[in-house]
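Spelled out from the first residue to the last, the chains are:
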Amino acid sequence: MVRGKFIVGSNYKMNGSQSSLLALVGLLNHAQLDSNVEIFISPPLVYIDLVRKNLRRDVAVGAQNCYLKATGAYTGEVAPEMLRDIGAEYVILGHTERREIFKESDTDVGLKVEQALQAGLRVIACVGEKLEEHQAEKTLEVLYRQLDAIADHVLDWSNLVVAYEPVWAIGTGRVATPEQAQRVHRAIREWLRSKKGDHVADQTRIIYGGSVNLSNAAMLANEEDIDGLFVGGASLKPEFVDICNVLQGSR
Ligand code: 13P
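What this report covers is the structure whose coordinates are included nearby. (Residues numbered from 1 in each chain as written. Predicted model: local features only at pLDDT ≥ 70, side-chain atom pairs only at ≥ 80, totals over all residues. Heavy atoms only, no water.)

**As for the pairing of strand β8 (residues 228-231)**
It is a general feature of regular strands that their side chains alternate between the two faces of the sheet.
Thinking step 1. Residues G228 and F230 point to one face of β8 and L229 and V231 to the other, with burial holding for every one of them.
Thinking step 2. Examined bridge by bridge, strand β1 (residues 6-10) and β8 share four bridges and lie parallel to one another. Its bridge partner being in β8, S10 is matched across the sheet by V231.
Thinking step 3. Strand direction decides the pairing type here: strand β7 (residues 206-209) and β8, joined by two bridges, are parallel. For Y208, the partnering residue across the bridge sits in β8 and is L229.
Thinking step 4. What joins β7 to β8 is helix α10 (residues 214-221), and the crossover it makes is right-handed. (Buried < 20%, exposed > 50% of the residue type's maximum accessible area, 1.4 Å probe, protein only. Helix = DSSP H or I, 4+ residues; strand = E, 2+ residues; numbered from the N terminus. Pairing = 2+ DSSP bridges. Right-handed = clockwise from strand over helix to strand, strands pointing away.)

**Thoughts on the sheet that holds strand β4 (residues 90-93)**
Thinking step 1. Around the barrel, eight strands lie side by side as β1-β2-β3-β4-β5-β6-β7-β8; this closed barrel has parallel pairing. Within the sheet, the average angular offset between the axes of one strand and its neighbour, ignoring direction, is 25°. (Axes fitted to C-alpha atoms, helices over the stretch in contact; angles between N-to-C directions.)

**A closer look at the site of the ligand**
Thinking step 1. Close to the ligand lie N11, K13, H95, E165, A169, I170, G171, G210, S211, F230, G232 and G233, which account for all nearby residues.
Thinking step 2. One of the side-chain nitrogen or oxygen atoms of N11 is found 3.1 Å away from an oxygen atom of the ligand.
Thinking step 3. One of the backbone N or O atoms of S211 is found 2.8 Å from an oxygen atom in the ligand.
Thinking step 4. Here the ligand has 300 Å² of accessible area as a free molecule, and 95% of this is covered by the chains.
Thinking step 5. Judged by the fraction of its atoms near the pocket grid, the ligand is located in the second largest pocket.
Thinking step 6. The residue makeup of the shell around the ligand, split by class, is three nonpolar, seven polar and two charged. (Near = heavy atom within 4 Å. Polar contact = N/O pair within 3.5 Å; in protein donor to acceptor, adjacent residues only side chain to side chain. Areas by Shrake-Rupley, 256 points an atom, 1.4 Å probe, with all protein chains shown as cover. 1 Å grid on protein atoms, 1.4 Å probe; cavity = no way out; pocket = protein on both sides within 12 Å on 5 of 7 lines; lining within 4 Å. Sits in = over half its atoms within 2 Å of the grid points. Nonpolar A, V, L, I, M, F, W, Y, C, P; charged D, E, K, R; others polar.)

**Some thoughts on helix α1 (residues 18-30)**
Thinking step 1. Its 13 residues give α1 an end-to-end C-alpha distance of 18 Å, which sits within 8% of 18 Å, the value for a rise of 1.5 Å per residue.
Thinking step 2. Among the residues of α1, those classed as buried are L21, L24, V25, G26 and L28. (Expected span 1.5 Å × (residues − 1).)

**Quick notes on the layout of surface pockets**
Any space left empty among the atoms is revealed by the rolling of a water-sized probe across them.
Thinking step 1. When its volume is computed, the largest pocket comes out at roughly 520 Å³.
Thinking step 2. Lining of the largest pocket is provided by 17 residues; of these, L45, Q64, N65, R98 and F102 occupy positions nearest its centre.
Thinking step 3. Of the residues that constitute the lining of the largest pocket, the class distribution is eight nonpolar, five polar and four charged.
Thinking step 4. Estimated volume of the second largest pocket: approximately 260 Å³.
Thinking step 5. As for the second largest pocket, its lining consists of 19 residues, and the residues nearest its centre are S211, V212, G232, G233 and A234. (Points joined across faces, edges and corners; volume = space filled by probe spheres on them.)

**Quick word on α10**
Thinking step 1. Taken residue by residue, α10 has N216, A217, L220 and A221 as its buried positions. Summarising the axial view, the buried residues of α10 lie within an arc of 130°, below the 170-degree limit, and thus occupy one face. Exposed and oriented more than 90 degrees from the buried face of α10 are S215 and M219.
Thinking step 2. Packing partners of the buried residues in α10 comprise β1, α8 (178-196), β7, β8, α11 (239-244) and α12 (246-249). (Arc of directions from axis to C-beta. Contact = heavy atoms within 4.5 Å.)

So, in structure tokens, the structure goes:
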């Protein structure tokens, strides 16, 4: 595939403790994982170092956020460079929980993406529409606005992954159907083509998040424009290992 490996990523959100995360790390360390899949896990910030030191090297570690400046007087914030320093390779930016609960604007997300890419992190840039926007058929309008604010800050697209996470599917158990997700992923890819050209459109991986679990992973993974899965709740359970190996069933 021209787009590089299929990705399975996790977002533990604000969950876990040293012991529970080490148990998940142990599970992954002992599992047979598909070497054709790029895997990352994203523990809460304070546990990144612990997880990185104990986790097998072929699974990457990601952060769930970072600040939009490289250094300075920003009490309580964490610079992307610091994440690199403790071994994180990925950062999730623009997650709906950051946008909604912590009032991050499209502009903030764009600036964070720029700073994180400059620091050498791989960025999972999240976009997604809320239920009322979905029902009003404003999905693509919302996504294109969010994407515009991100695309302005990306020079090199090779380290950016787009995550489509419909807000109405996050933590609700209500997953987008494979056809729904495929349609939106295709629209995102065609948007990239019109704005950034064929190379960026064909190379950029677009992953789906929102109530992914073992029972729906394979159907989603089967769709042409779904280049990976982004897992919240189910990533805290042993089934995450099977989700990582989802492509093996379809070969
Ligand atoms: P759930 O899988 O719990 O719906 O969460 C998805 C998510 O927010 C990944 O970032």
